[in-house]
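Per-entry structural report
Each chain, written out:
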Amino acid sequence: MTKAPAPSAAASLDTADQVLAQGVLSGERRALAKAITLVESSRRDHQARAKDLLDALAPRAGNSIRLGVSGAPGVGKSTFIESLGLHVVRQGHRLAVLAVDPSSALTGGSIMGDKTRMERLSQDERAFIRPSPSGGTLGGVADKTREAMLVCEAAGFDVVFVETVGVGQSEFAVSGMVDMFVLLQMPNAGDELQALKKGIVELADIVVINKADTDPRAAENARMQVQGVLELLACASPHWRPPALALSAATGAGIDEFWREVMRYRDAMVQSGELAEKRRRQAVDWMWSLIDTGLRSDFRHHSGVRARLAALTEAVGRGNVTPAAAAHELLDLAKK
Ligand code: GDP
């Protein structure tokens with residue numbers, strides 16, 4: 001089925017971008033990849049085109065199950081996503097896998113994207129896997145991932161996984177863009193305490209103890225411990241108590257039960273109206289995130305600011321000017 005973009009928004013696209021929008025809406029993979037490259041670009045002319053493209057695609061977006069997956073390096077995220085992903089596409093879904101990689105924000109490179117990951121899933125035509133955009137701030141990388149998610153949804157992908165490495169602030173960014181946040185843990189003691197310390201467990205709608213095949217007893221103990229912790233935490237929703245599940249991404253044991261929990265969560269959230277409310281809140285937060293990014297970018301591009309920034313940065317570093325005085329001077333310059 002070929003769907004046309006909303007007429008008002010499509011009207012502001014040039015011919016090439018109208019073709020691009022049409023390609024995305026028809027589910028063409030090349031158009032999809034090209035559209036995501038456009039939204040990821042930091043060039044200002046590209047950003048203007050990307051905004052119009054997203055406006056045209058927006059009416060067709062939003063109809064997916066959005067799942068965030070996080071956990072420490074080595075916990076088994078890509079093995080889990082591949083195993084769950086293959087299960088999900090066999091059930092008749094189309095799956096997009098996106099990533100928010102905090103290292104790519106810092107270094108421009110990626111700790112997630114470089115190795116060959118999810119080989120079987122990446123060869124499946126019902127799945128689309130996109131590595132993390134690189135460069136910029138974590139907020140910028142996260143904004144681009146949100147936009148890529150909308151493009152994928154417009155292209156007909158009805159399940160989206162957003163993966164992130166459990167280091168730093170990226171879990172917060174990802175939990176703010178998905179319907180359900182999954183935290184992966186190892187079956188050894190101490191691991192769950194680490195997540196607790198960082199306040200990450202509070203974000204989880206479901207906790208998975210992976211690698212249960214290596215030591216089923218230890219996995220069950222870890223599961224019960226985590227379940228105990230989850231029961232002590234204040235519930236984010238009156239309609240959902242986050243469960244802890246032990247499974248093996250490598251053998252696939254427990255993947256089916258996991259997906260059933262996702263469906264149970266989805267039903268509870270849809271029926272109670274909480275999902276719609278969550279998405280409304282996320283949309284407002286996203287608006288503010290874009291305002292922050294836009295203001296920062298305008299600030300850095302302002303000619304008056306640019307003329308003084310290096311000198312004031314150095315003066316603050318040497319202790320010759322207070323941070324407050326420098327910030328005030330620069331903010332005043334930006335208003336002119
Ligand atoms: P990531 O860094 O979190 O993406 O972790 P990977 O998916 O790359 O997995 C790290 C290592 O753990 C790999 O050698 C996997 O084969 C292994 N692994 C992942 N899941 C399981 C599992 O359920 N059982 C076992 N035994 N090994 C696993």
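What you see as residue numbers is a count from 1 along each chain, following the sequence as written. Selection of residues for local features in this predicted model requires a pLDDT of at least 70, selection of side-chain atom pairs for listing and counting requires 80 or more, and totals for whole chains, interfaces and linings are taken over all residues. In computing side-chain properties, one takes all heavy atoms of the structure into account and sets aside hydrogens as well as water.

**Regarding the site of the ligand**
Defined as follows: Near residues are defined by distance, with any heavy atom within 4 Å of the molecule or strand qualifying the residue. Any N or O atom pair separated by 3.5 Å or less is treated as a polar contact, with the protein-specific requirement of one donor-capable and one acceptor-capable atom, and with residues adjacent in sequence counted only for side-chain atom pairs. Each accessible area is a Shrake-Rupley result for a 1.4 Å probe, and residues are judged covered by the shown protein chains and nothing else.
Surveying the vicinity of the ligand reveals 17 residues, the closest of which are Gly74, Lys77, Thr79, Lys211 and Asp213. Between the ligand and Lys211 there is a distance of 2.9 Å, counted from an oxygen atom to a side-chain nitrogen or oxygen. The separation between an oxygen atom of the ligand and a polar main-chain atom of Ala249 is 3.0 Å. Computed on the free molecule, the ligand has an accessible area of 580 Å², of which 70% lies beneath the protein chains in the complex.

**Looking at the confidence of the model for the protein chain**
To keep it simple, the criterion reads: The pLDDT value expresses, per residue, how confident the predictor is, ranging between 0 and 100. Every helix listed is a DSSP run of H or I at least four residues long, and every strand listed is a run of E at least two residues long, numbered separately from the N terminus.
Of the residues in the protein chain, 89% have a pLDDT of 70 or more, and the chain-wide mean is 88. No element of the protein chain has a lower mean pLDDT than helix α1 (residues 7-10), at 54, and none a higher one than helix α12 (residues 255-272), at 97.

**Remarks on the pattern of salt bridges**
Quick note on the threshold: The working definition used for a salt bridge is a side-chain nitrogen of Lys or Arg within 4 Å of a carboxyl oxygen of Asp or Glu.
For the structure shown, the criterion picks out 18 salt bridges. With its nearest N and O atoms 3.4 Å apart, the salt bridge here joins Asp55 to Lys51. Of this pair, Asp55 and Lys51 both sit in helix α4 (residues 44-57), 4 residues apart, which is roughly one turn of that helix.

**Concerning the environment of Ala236**
Rules: Residue exposure (1.4 Å probe, protein chains only): buried if accessible area is under 20% of the type maximum, exposed if over 50%, otherwise partly exposed.
By secondary structure assignment, the location of Ala236 is in the loop between α11 (216-232) and β7 (244-246). Relative accessible area serves as the criterion here: at 72%, Ala236 is assigned to the exposed category. Taking the C-alpha atoms as reference points, Ala236 and Glu202, separated by 34 residues in sequence, lie 8.0 Å from one another.

**Topic: the packing of aromatic side chains**
Condition: For this analysis, a ring pair means two rings from Phe, Tyr or Trp (six-membered ring only for Trp) whose centres lie within 6.5 Å, classed as stacked if their planes differ by under 30 degrees, edge-to-face if by over 60, and tilted for the remaining angles.
Within this structure, the stated rule accounts for 3 aromatic pairs. Taking the centre distance of 5.1 Å and the plane angle of 85° together, the rings of Phe80 and Phe258 count as edge-to-face. With Phe80 in helix α5 (residues 77-90) and Phe258 in helix α12, this pair connects stretches of sequence that are 178 residues apart. Each member of the pair Phe80 and Phe258 is classed as buried. Between Phe128 and Phe157, the ring centres sit 6.0 Å apart and the planes meet at 45°, which makes this aromatic pair tilted.

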